[in-house]
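Each chain, written out:
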Amino acid sequence: MPTVSRFVIWERPPDFRKTHPKLASVLGEVGIESLDRVHGREPSFLGRDVSEIERLLVSSSLGMLAHAWWPPGEATPDCILDQSVEVLELNARSSTCLSNAGIRTIRDLLRQSDYDLLHIKNLGRKSLREIREKLAIFQCEGGLPPPEIHIEPGWFPLAALLSFEALGIPTKTTRILRQAGVDDVHDLLIRSPSEIQEAFLSDSRAWRKLPAQLACFRLFLGTPPPSFVTAYLQSFRSAFRGDIESALPHLGRTLSVALTRSQRSTAAYLEGELEFSVREEGRERHLPIIRKLLGWDGGTGTTFEGAAREFGLTRERVRQIARAWISRFAGEKAVLLHRAIRFIARRAPAMANELEAALVHEGIMRTPLRLESLWATACWFDINPCWAVHQWNGVRFVAKTTDLEAIRNFHVEARRGVSRFGVTNKAYVMAGLPVEASAGFADLCCSLLEDLHWLDDQHEWFWLPTARNPIEKRLAKVLRAVPQVSIEVARAGVLRDRHMDGADLPVEVFRSLCGLLCPGATSKVRI
């Protein structure tokens, strides 16, 4: 999580030079004569004696170096779900079945459909009904008890210092809290959940939303900030005022985006979002056909004709099934599909298998789904992915139309560099491109060159077969003139060629190139 550290001074004795001479001496060495100049400063402001100043402040009970954390940029209100299913207080049979199936947390449980749960050994419809009832109670009562949070000494959530308005809490909820005597976020966190709930007796809907709104910023009812923050609350607010003011424009947006995301998408993974739409319409029997047609089974998808042959249907019937499903599941409801498409677009161009694994790592998909399937699904929803999956020399990669032209330019520049200097490296090629590109782009372009040979362990220098190679010609002249030559002498002879003016040719790269170009000359060149 993003963090910020500041010195917080809560006691400023006017004669601290006499009462705390050691502290005064250390501060004097960095040109600070007053504790006011320490208050609210970053550690770097005080130079190398930060730890000593911090120790003296704490031992003198004058202040401390406090560390505050913000929630991550992709804040979501569902972190409270990372708790054990035991808090649902299910009966022994249901608990044992879930445990045996590896379902440990509320999050894991919510990822399971009724179909998945009923396929767990010994878990029947009665247990399923109990699980759904307990989950419904959990959702209606505003969440579960807050998770245990271990806070390191000196660390606290900066959001605890804010007002309700700054945090983006809705006006209606703010009014209810203020009428109950709860003034701000800190005051809210130090109250008991039952005390807060009493204030919402007239508006249970606002009460149900409040835990999720707080959880966006990793705040939980019943989990107060550390006692040192409560004891010196005003001092902490003044010390971190600048950090709070710089973050204010983004906080309300963070809450709004996170809550919108959670309300629009009820599925935990993309597979669940897409397949639930079929089950939602009571068309479970059509799910295998849709899977095969769009590649949700791990394949690349197929045509109407191919799906018709596999399932013993007519081509027209398959088309009707697909069209009926698509018309009921509009593209704008596919929240995770849109997120997956944007995720890929931001990282293109890249290897297809790397992006498939990244989608799983990011938590968008449960298992790797071929990108061809995502592309086909997006097209069915009339969504333009702005990227496509390509194959080049047997390598699958994702690229936009503009990326393909840049890849061709890289290959042209690479062959031009080898023709001119005999070898080249990625940095030289990138410098010759008309647009700035990333190192990952260079790695991708090199992997698409079938005849490329790396000349160093770092995979920076490489060689390609070209019609003209000045190193090869110059090396042949050297070997004809000298029967036995060291690698250093051979390299010096090659670099004297006028075509090699301005070329950088490391010894190790030249040694690898000699072994590649002249495999039979090892008796002449002492490699």
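That block above? That's the structure.
The present account deals with the structure reproduced in this document.

How each quantity is defined
- Residues numbered from 1 in each chain as written.
- Predicted model: local features only at pLDDT ≥ 70, side-chain atom pairs only at ≥ 80, totals over all residues.
- Heavy atoms only, no water.
- Core = buried A, V, L, I, M, F, W, Y, C linked by side-chain atoms within 4.5 Å.
- Buried < 20%, exposed > 50% of the residue type's maximum accessible area, 1.4 Å probe, protein only.
- Helix = DSSP H or I, 4+ residues; strand = E, 2+ residues; numbered from the N terminus.
- Phe/Tyr/Trp six-rings, centres within 6.5 Å; stacked < 30°, edge-to-face > 60°.
- Pairing = 2+ DSSP bridges.
- Contact = heavy atoms within 4.5 Å.
- Axes fitted to C-alpha atoms, helices over the stretch in contact; angles between N-to-C directions.
- Salt bridge = Lys/Arg side-chain N within 4 Å of Asp/Glu carboxyl O.

This part takes up the nonpolar core. Judged by nonpolar contacts, the single largest core of 41 residues is most densely connected at F156, L158, L161, L167, F236 and F240. At four residues, helix α12 (residues 204-215) tops the list of elements feeding residues into this core. By size, the runner-up hydrophobic cluster in this structure holds 40 residues, among which are V395, L452, I487 and V494.

Once that is clear, we can look at unusual backbone geometry. The step from A348 to P349 runs through a cis peptide bond, and the omega angle for that step is 0°. In the Ramachandran plot, S61 falls in the positive-phi region, its phi being about 60° despite a non-glycine side chain. The residue S61 is located in the loop between α3 (50-59) and β2 (63-69) in this model. For S61, a relative accessible area of 47% puts it in the partly exposed group. Positive phi outside glycine occurs at C386, with the angle close to 65°. Structurally, C386 can be placed in the loop between α22 (371-380) and β5 (388-392).

Let's shift gears to the packing of aromatic side chains. Enumeration over the complete set of coordinates arrives at 11 aromatic pairs. An angle of 25° between the planes, with centres 6.5 Å apart, marks the rings of W10 and F236 as stacked. Taken together, the residues span a long stretch of sequence, with W10 in the loop between β1 (3-9) and α1 (16-19) and F236 in helix α14 (residues 233-239) at a distance of 226 residues. Like W10, the residue F236 is buried in the burial classification. Ring geometry for F156 versus F236: centroids 5.3 Å apart, planes at 85°, classification edge-to-face. You can see F156 sitting in strand β3 (residues 155-157) and its partner F236 sitting in helix α14, a full 80 residues away along the chain. Classification of F156 by relative accessible area gives buried; the value is 0%.

To continue, consider the sheet that holds strand β4 (residues 350-351). With antiparallel pairing, the three strands of this open sheet are ordered in space as β4-β6-β5. The sheet is open, and its two borders are formed by β4 and β5, each paired with just one other strand. Bridge analysis of β5 against strand β6 (residues 395-399) gives five bridges, and the strand direction is antiparallel. When the bridges of β6 are listed, A388 appears paired with A399. Against the sheet, helix α23 (residues 401-421) contacts β5 and β6, and its axis sits at roughly 125° relative to β6.

Take the pattern of salt bridges next. It is possible for side chains bearing opposite charge to pair when their charged atoms get close. Tallied over the full model, the rule gives 19 salt bridges. Ionic pairing is found between E316 and R319, a salt bridge with its closest N-O pair at 2.6 Å. Residue E316 and its partner R319 are both found in helix α19 (residues 315-328); the two are separated by three residues, about one turn of the helix. One salt bridge connects R416 with E413, and the closest N-O pair in it is separated by 2.6 Å. Of the two residues, R416 and E413 are both situated in helix α23; the distance of three residues between them amounts to about one turn of the helix. Among the residues examined, R416 registers a relative accessible area of 48% and is labelled partly exposed. If you follow the salt bridges from partner to partner, you end up with E356, R370, E372 and R396 in one network.

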